Amino acid sequence: MHVSHRSALRAGMAALVLASAPLAASAGSDIELAIGASTTTDREFTRTGSIAWVPALRQLDNAVLRAQTGLIYVDGRRPVADRDLEDDVWVGYVGLRYERTDNGLALGAAIGAQSGETDALSGDPQFITSVGWRWDRFSLSIRHISNASLHSPNDGETALVGAWRF
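Residues numbered from 1 in each chain as written. Predicted model: local features only at pLDDT ≥ 70, side-chain atom pairs only at ≥ 80, totals over all residues. Heavy atoms only, no water.

A separate point is the pairing of strand 3 (residues 56-60). Counting buried residues in strand 3 gives zero out of five residues, a small share hidden from the surface. Where strand 3 and strand 4 (residues 63-74) come together, four bridges link them in antiparallel fashion. Across the sheet, the residue bridging to Ala56 is Arg66, located in strand 4. With antiparallel pairing between neighbouring strands as the criterion, strand 3 and strand 4 make up a hairpin whose turn holds two residues, including Asn62 at a positive phi of roughly 60 degrees. (Buried < 20%, exposed > 50% of the residue type's maximum accessible area, 1.4 Å probe, protein only. Helix = DSSP H or I, 4+ residues; strand = E, 2+ residues; numbered from the N terminus. Pairing = 2+ DSSP bridges.)

Right, dumping it as structure tokens:
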């Protein structure tokens with residue numbers, strides 16, 4: 001039986017997310033739930049949500065460097081012209097997040113693998129970047145998911161999300 005590179009990447013990401021679940025459950029204030037709206041080209045909006053484990057790795061001057069692993073959901077949309085946006089897409093990811101403790105700036109970068117496919121999210125790997133601000137347990141961020149034109153089409157998804165850290 002032949003296993004494709006894409007299938008192996010998905011399986012590896014799923015295993016990483018599942019393996020981190022017991023640690024995440026005991027992590028307390030390192031779990032973050034987010035909801036928001038995502039858009040792709042031509043302003044086609046849909047719902048999005050995510051769960052992440054963001055444990056602190058290192059305290060820096062006026063900042064914290066965190067690991068991040070999680071799962072993002074992008075809801076499918078009704079058919080739009082000749083574009084395929086109907087599938088629900090799940091993206092499992094791992095990466096790093098930099099959070100300022102003095103002004104709340106938060107920057108993130110991660111790499112992920114997806115399940116489901118649309119014209120907006122059309123192939124692994126997916127790169128996830130974010131910029132936002134944190135106020136205690138609440139944050140507001142802009143998050144972009146794209147495969148960096150490694151596969152076509154490559155419309156990407158850009159979301160505005162509000163998150164609560166537990």
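So that's the structure; there's more coming.
A cluster of nonpolar side chains, namely Leu33, Ile51, Leu107, Val131, Trp133, Trp135, Phe138, Leu140, Ile142, Leu160, Trp164 and Phe166, defines an oily patch on the protein surface of about 1,100 Å² accessible area. Counting residues per element, the ones that place at least two in the nonpolar patch are strand 7 (126-135), strand 8 (138-146) and strand 9 (157-165). As for its position among the elements, Leu140 is in strand 8. (Patch = residues over 30% accessible without salt bridge, like charges linked within 9 Å, V, L, I, M, F, W, Y side chains within 5 Å. Areas by Shrake-Rupley, 256 points an atom, 1.4 Å probe, with all protein chains shown as cover. Salt bridge = Lys/Arg side-chain N within 4 Å of Asp/Glu carboxyl O.)

This next bit is on the pattern of salt bridges. Across all of its chains, the model carries 13 salt bridges by this definition. Of the charged contacts in the structure, one is a salt bridge between Glu99 and Arg134, with a shortest N-O distance of 3.6 Å. Taken as a pair, Glu99 in strand 5 (residues 89-100) and Arg134 in strand 7 lie far apart in primary sequence, 35 residues in all. In this pair, the class of Glu99 matches that of Arg134, namely buried. Connected through salt bridges with shared partners, the residues Asp30, Glu32, Arg66, Arg97, Glu99, Arg134 and Arg165 form a single ionic network.

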